Amino acid sequence: MTPLKTYLELCRISNLPTVWTNVLAAAVLSGAGLSLASYLPLALAMSCFYMAGMCFNDVCDREIDRLTQARRPLPSGRISLRRAIGLTCALFGLGLGLLGLSPHPLAMAAGLLLVGTIVFYDLHHKGNPFSVLVMATCRLLVFVVTALALIGQLNTWVLLAGGVQFGYVVLISLVARHENQSAHPLAFPVIPAMLAGISLLDGLLLAGLAGWPWLGCGVAGAALTWLAQRYVRGD
């Protein structure tokens, strides 16, 4: 039986707090009002999409990873290709099912766009100089889907926050690309720290646009991401 940690590693589960704070930021800035009943289904749906994307990424990269990332679950043989594909489909299906609970039909349309963008990235990111923009678009679409699910439309603050995260994810991707190509990687784990910074940035955006008490959520998300990466790597 495949250990649970193998599945958690395959799905990069340590990065999920960054998704949760993205959804939180979009929900608060949409002006819809925040409740567990509205937040949890969206946070779970976006988490499913994220995990499915990470899983499918490893499916697509399995041959290259045999040479460069042999420690990962697929090239190391700790999980089979069949199970990884099955998990990808199940997570995408569950995410869409949860999104279907939204009363606004535009949410499902945006969710399908997000799924399509994730799949496109996974299939075409290798050797694609514009792949960083596609990855950042996936993060922006988390904000779009959340707002459409809650209020059926987009407002300036949601688009602003999503746009800032778009730029930050582009920066992370460019730094990661440079580090991967460098003969002397940095001693400090820059990418894990920058990934945790996604939640911190959400907190700062919320603090500036909705009130300083929200900063605590961003700090908590960043700390949780950083600590979780000690157990399951997120890069």
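Residues numbered from 1 in each chain as written. Predicted model: local features only at pLDDT ≥ 70, side-chain atom pairs only at ≥ 80, totals over all residues. Heavy atoms only, no water.

S.K.: What's the story with the nonpolar core in this structure? I'm lost.
M.R.: A general trend in soluble globular proteins is that nonpolar side chains are found buried together. Ranked by size, the top nonpolar core spans 55 residues in total, and within it M46, F49, L99 and L114 carry the most contacts. When contributions to this core are tallied by element, the ones reaching two or more residues are α2 (16-30), α3 (36-60), α5 (81-99), α6 (105-124), α7 (131-151), α8 (156-181) and α9 (190-210). Looking at which element gives the most residues to this core, the answer is α7, with twelve residues. Formed by seven residues, the second largest nonpolar core is a distinct cluster that contains F56, V59, L74 and I79. (Core = buried A, V, L, I, M, F, W, Y, C linked by side-chain atoms within 4.5 Å. Buried < 20%, exposed > 50% of the residue type's maximum accessible area, 1.4 Å probe, protein only. Helix = DSSP H or I, 4+ residues; strand = E, 2+ residues; numbered from the N terminus.)

S.K.: I would appreciate a short explanation of α6 in the present structure.
M.R.: Helical geometry: 3.6 residues make up each α-helical turn, so side chains three or four residues apart lie on a common side. With 20 residues, α6 should cover 28 Å at 1.5 Å per step; its first-to-last C-alpha distance of 29 Å lies within 8% of that length. Buried within α6 are the following residues: A107, A110, G111, L114, V115, T117, I118, Y121 and D122. Buried residues along α6 cover an arc of 160 degrees about the axis, so they all sit on one side. Residues of α6 that are buried in the fold lie against α3, α5 and α7. (Expected span 1.5 Å × (residues − 1). Arc of directions from axis to C-beta. Contact = heavy atoms within 4.5 Å.)

S.K.: How should I be thinking about the confidence of the model for the chain in this particular structure?
M.R.: Residues shown with low pLDDT carry predicted positions that ought not to be read at fine detail. Confidence along the chain averages 92 in pLDDT terms, with 95% of residues attaining 70 or more. Averaged over each element, pLDDT in the chain is lowest for helix α4 (residues 62-68) (81) and highest for α2 (98). (pLDDT = per-residue confidence, 0-100.)

S.K.: How should I be thinking about the packing of α3 against α7 in this particular structure?
M.R.: Between two packed helices, the angle of one axis relative to the other and the distance separating the axes together describe the packing. At their nearest, the axes of α3 and α7 sit 11 Å apart, and the two run at 150 degrees to each other. Judged on the interaxial angle alone, α7 and α3 are roughly antiparallel. Considering how the two elements wind past one another, α3 and α7 form a crossing that is right-handed. Each of S38, L42, M46 and Y50 in α3 lies in contact with α7, whose residues at this interface are R139, V142, V145, T146, A149 and L150. (Axes fitted to C-alpha atoms, helices over the stretch in contact; angles between N-to-C directions. Parallel < 35°, antiparallel > 145°, perpendicular 65-115°, else oblique. Left-handed = near helix turned anticlockwise from the far one by under 90°.)

S.K.: I tried to follow the packing of aromatic side chains on my own but got confused; where do I start?
M.R.: The description of an aromatic ring pair uses the distance of the two centres, along with the angle that the planes make with each other. By the definition in use, this model includes one aromatic pair. Measuring from centroid to centroid gives 6.4 Å for F49 and F92, while their planes differ by 40 degrees, and the two rings are tilted. Of this pair, F49 sits in helix α3 while F92 sits in helix α5, and the two are 43 residues apart along the sequence. Residue F49 is classed as buried on the basis of its relative accessible area of 1%. One residue, K5, lies across the ring of Y231, its end atom 4.6 Å from the ring centre. (Phe/Tyr/Trp six-rings, centres within 6.5 Å; stacked < 30°, edge-to-face > 60°. Lys NZ or Arg CZ within 6 Å of the ring centre and 35° of its normal.)

S.K.: Can you help me understand the pattern of salt bridges in this one?
M.R.: When the charged atoms of two side chains with opposite charge come close together, those side chains can pair. Under the defined criterion, the tally for this structure stands at five salt bridges. Across the pair R71 and E9 runs a salt bridge, and its minimum N-O distance is 3.9 Å. Placement of R71 in the loop between α4 and α5 and of E9 in helix α1 (residues 4-10) is noted, with a sequence separation of 62 residues between them. E9 sits in the buried class, given a relative accessible area of 15%. (Salt bridge = Lys/Arg side-chain N within 4 Å of Asp/Glu carboxyl O.)

S.K.: How do you make sense of the environment of G167 when you look at a structure like this?
M.R.: Inspection of the secondary structure puts G167 in helix α8. The class of G167 is partly exposed, set by a relative accessible area of 37%. Spatially, the C-alpha atom of G167 lies 14 Å from that of L205, the residues being 38 residues apart in sequence.

S.K.: I tried to follow α7 on my own but got confused; where do I start?
M.R.: The first and last C-alpha atoms of α7 sit 30 Å apart over 21 residues, in line with the 30 Å expected at 1.5 Å per residue. Counting buried residues in α7 gives 16 out of 21 residues, a clear majority hidden from the surface. Where α7 ends, the next residue or the one after it, G152, has phi of about 75 degrees, a positive value.

S.K.: What should I look at first to understand the packing of α9 against helix α10 (residues 215-228) in this one?
M.R.: At a closest axis distance of 7 Å, the pairing of α9 and α10 adopts a crossing angle of 170 degrees. Between α9 and α10, the angle falls in the class roughly antiparallel. Contacts between α9 and α10 pair P192, A193, L195, A196, S199, L200, G203, L204 and A207 from the former with L215, G218, V219, G221, A222, T225 and W226 from the latter. Looking at the contact of α9 with α10 residue by residue, the class counts come to eleven nonpolar, five polar and no charged. (Nonpolar A, V, L, I, M, F, W, Y, C, P; charged D, E, K, R; others polar.)

S.K.: Could you clarify how one ought to interpret the side chain of T18 in this entry?
M.R.: With respect to the helices and strands, the residue T18 is situated in helix α2. Of the polar contacts made by the side chain of T18, one reaches the backbone oxygen of N15; its length is 2.6 Å. Only 3.2 Å separates the side chain of T18 from the side chain of R139, close enough to count as a polar contact. The residues touching T18, leaving out its near neighbours within four places in the chain, are R139, L195, I198, S199, D202 and T225. (Polar contact = N/O pair within 3.5 Å; in protein donor to acceptor, adjacent residues only side chain to side chain.)

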